[in-house]
Each structure stands twice: as C-alpha cells, then as structure tokens.
Amino acid sequence: MEADYRFLTVDEVPGYLASVPALAERIDAGRLVSVGEIGDGNLNLVFLAKDADGRGVVVKQALPYVRMVGEGWPMTPEREKHEIQSLLAHHALVPELVVEVLHHDEGRHIIGMEDLSDHQVWRHALNDGATHDGAAAAVGRYIGAVAFGTSVFGLGRQELADAQAAAINPELCEITEDLVFTEPSVDAGRNEVLPENEPDAAALAADDTFVDAMGRAKYAFMTHGEALIHGDLHTGSVMVRAPQGSTVADSVKVFDSEFAFYGPVAFDIGASWANYVLAASRAFAMGDDARGQWALGLVDQTWQAFEAEFRTRWPERVDPRVWRDSFLEERIAAWRAEAWVFAAAKMSRRIVGAAKVTDVQTLPPDLRVGAARGVLAAARAAVRVSGDRSATAFSELCGAELVRH
Ligand code: SR1
Ligand code: MG
C-alpha cells in the first residue's frame, strides 16, 4: 500500500475538506452539521458532508478490496483514475447528465464530487414505485452522446489514441468478464440462489444456446473497443430527482463509472435494459402488472433516445467520406442486436451471481422465486431471438416470460 494511502474516516472528513481548496470552496468545513458514510455499493467508501448553509460535497475513496466481500477479494484502488477520467470525458459531452468532479487525490484514491443528496439512487426510487418520467430517455441520450463523442466518430486520431491508452482497465474488465459473462453459467463458487431456483440456475448452465451466446458476447466485450463506455450502467449508477409532487424527473445524473474502458457501445444499452427488466420482475412478482409493463416500457425510451442522440451527432463525424449514412444504419442495427445479448448476460448475473440487486433480493422469498425464474427465462429467450428486432420486441418477449413465471 502507498505510504499516504490511509482509509478516510468520518472523524477525518472535516479536516480533509478544509485542506482541499477545491472542496473548501464548495462547503464551509468549519460549520459542518453532518458527516456520514453513505456508501451502499459493492466497492467503495462514500462520505456525504453538509454545512450549516445546506451546502454539501461527496468524498469517495476506492478501497483495495471489494467492500461487499472484504479483504479476501483484492481489487485495485487505481480504479478511481478510470472513474475520474470517464466522468470528466462524459461530463464534457453532456454536463447536465453526469456528476461533477471537484477533486482528485491520487495518493489516497479519493474523488471529491458535487452533492446529489437532493436526488435518489434510481434503483431505490424504482423499488419504491416512483416513476421519474424522462429518466430512461436521459440515460439513452447519455449513452448516445458517449458513443459518438468518445469514439472514432467524434475524436481526432491522436486524441482517440490517447483516450484509449488512458482507459485500459484490465482488472475491472476481468471482473465483468467473470461475473457477467462466465459465471452465470459456470459457477466459480460465488453463485447463490434460493433452493427453489436451483433447477432454474442448472437449466441456464445447461443451455448450450445461452452459453454459446455468452461466449460470443464476452468476446465482443473484450475486443470491440468502440467508445469509452460507462461499463456498469445499472440503475444504481444513476441518480434521479423530481420536484415535490411531480412524477417527472427534473435532473438525472450518471455516476460511478470505475468500470469505464473502451468497449462495446451496446454493453451500456444492454445494462440499462437488463435493469429495467429486473425492476419489472419486482412489480410483476408483487402483482402490479401495470407497473411491470411500465418498467418494461423504459427499454424503448432508452433505445429511442440513444438512437436520436447518435443520429443528431452523426453529421459531425470525423470522416463522412467513407462513413456514409448506410454505415450509420448498419451500426444502429448492430448495436440494437448486441444489446439483446448483453442485456441477457446482465440480467442473469444479477439472479445467480455474486452481486445481486435489491429489486429482487428485497422481495419476500416466496415472491423472489418466481421473479428470479422469470428473469432467467427471459435471458434464455432473448438470446434465441434473431438480431433484427426492435427494443419493444425485447421488452415484450421479456414481459411474456416474467408473466409466465
Ligand atoms: C466484485 S464487484 C461486483 C459488481 O459490483 C459492481 O457494481 C459491478 O457491477 C460488479 O460486477
Ligand atoms: Mg458501482
């Protein structure tokens, strides 16, 4: 461990804030009214400090291991560099949709960020039955802006090479390769399901079509360095806010991009779709079919906004001489098809794998069984369908499986 890499504590936060000019100008460190550790993710420490004027900042520190497991699962704390680099690059493209970075402490792997405590983690809001209309479209617009602006279409050759070199992130990519593509069907000792779901997990592992699809998807993930993708774009990586009494989001902020690297554009699309299916599975399990259908509708909202954003930026592409409009149509169709399979991977890992989601885990066990079974059936069905179908077809197919189970 580096000499100055000490773990931040609640007691230390006031002094830390006072010592960092970029943070001290955003909060009165001498008049703090609260400091708390609020991290609820799988990996990091996250502190929120508020002052007497209601101003706040967030300080996040990467640990040298996976928080949800402990020191037995080491993980590079250097991941904070990838988070910072990607947040800055993405913020430059769509500042209104990405959390603002205020400070970077390389030695201690700490990031200072704007306070979003007037927002909610979108997964929590979804679990609570809130809608935040417009959030799914905002996510799609973010993916589209990043897909264009960090790729060969939006960057000059040297700038692209520099960005690619800075974004090499093998340790975190390997976690995704293992947990998302391999382990749903090949248990490495980390999988767990309810006893009633063991036959469902076994059927997934024995499904040659599914395993072959995961092999192709893993290959694409490891070789298709198309854009500086978020890399972990689930509903826990998005903050949402709506005015009191409104169902419409007035602010949506993407954060937590430590898994960022040059990867397939469709991986972020598929990640969002998978999490909408998980939200839908919760609603159907609770007997709220209207809510389930609403959650499935988010799939097309994200897709349409992604496509619109990419098409809007397309006239500005670096080399229109050979990247003609026919190529745009090819890319859009290819990304939509790939998103089906990435979504299947992402939804299945959240049911059988090491890192689960509260959408399903907080259901009573008798309801969880059916929700988990439905999600695994949807994942298996999705990889069987030909690649030229719409986002709406994806959500209809998933909905049919969720309702059936
Ligand atoms: C060991 S890390 C487990 C998961 O947490 C993160 O949010 C990623 O999704 C990762 O796969
Ligand atoms: Mg995360």
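These lines cover the structure that appears in this document, whether it is placed above or below. Because the structure is a prediction, the values reported are computed rather than measured. (Residues numbered from 1 in each chain as written. Chains lettered and ligands numbered in written order. Predicted model: local features only at pLDDT ≥ 70, side-chain atom pairs only at ≥ 80, totals over all residues.)

Looking at the site of ligand 1
And then number 1: Residues in contact with ligand 1, as listed here, are Gly41, Asn42, Leu43, Val66, Ile175, Thr176, Leu179, Asp232 and Ala355.
And then number 2: It is helix 7 (residues 170–182) that provides the largest number of residues to the shell around ligand 1, a total of 3 residues.
And then number 3: Structurally, the shell around ligand 1 is a two-domain feature, drawing no fewer than three residues from each of domain 1 (13–114) and domain 2 (120–404). (Near = placed C-beta within 6 Å. Helix = DSSP H or I, 4+ residues; strand = E, 2+ residues; numbered from the N terminus. Domains from an automatic or database assignment.)

Digging into the sheet that holds strand 10 (residues 238–241)
And then number 1: Strand order in the open sheet made by the 3 strands is 8-10-11, with antiparallel pairing throughout. Each edge of the open sheet is held by one strand with a lone partner, namely strand 8 (120–121) and strand 11 (251–254).
And then number 2: The sheet contact formed by strand 10 and strand 11 spans 4 bridges and is antiparallel. When the sheet's bridge partners are listed, Met239 is paired in strand 11 with Lys253. (Pairing = 2+ DSSP bridges.)

A word on the environment of Gln304
And then number 1: By the secondary structure assignment, Gln304 is in helix 11 (residues 289–313).
And then number 2: The class of Gln304 is partly exposed, set by 16 C-beta atoms lying within 10 Å.
And then number 3: Expressed as a C-alpha distance, the spacing of Gln304 and Arg141, which sit 163 residues apart in the sequence, is 8.7 Å. (Buried ≥ 20, exposed ≤ 12 C-beta atoms within 10 Å, placed from the backbone.)

Observations regarding the sheet that holds strand 2 (residues 45–51)
And then number 1: Strand order in this open sheet of 5 strands is 1-2-3-7-6, and the pairing throughout is antiparallel. Of all strands in the sheet, those with a lone pairing partner are strand 1 (32–37) and strand 6 (101–105), marking the two edges. Ignoring which end each strand starts from, the neighbouring axes of this sheet average 15 degrees apart.
And then number 2: The pairing of strand 3 (residues 56–61) with strand 7 (residues 110–114) spans 5 bridges and is antiparallel. Looking at strand 7, one finds that Gln61 is bridged to Ile110.
And then number 3: Packed onto the sheet, helix 3 (residues 79–93) meets strand 6 and strand 7 and runs at close to 155 degrees relative to strand 6. (Axes fitted to C-alpha atoms, helices over the stretch in contact; angles between N-to-C directions. Contact = placed C-beta atoms within 7 Å.)

Considerations on unusual backbone geometry
And then number 1: Backbone geometry places His132, a non-glycine residue, at a positive phi of 50 degrees.
And then number 2: Inspection of the secondary structure puts His132 in the loop between helix 4 (122–127) and helix 5 (135–149).
And then number 3: We note that Asp256 has phi near 60 degrees; this positive angle belongs to a residue other than glycine.
And then number 4: Its location among the elements puts Asp256 in the loop between strand 11 and strand 12 (261–263).

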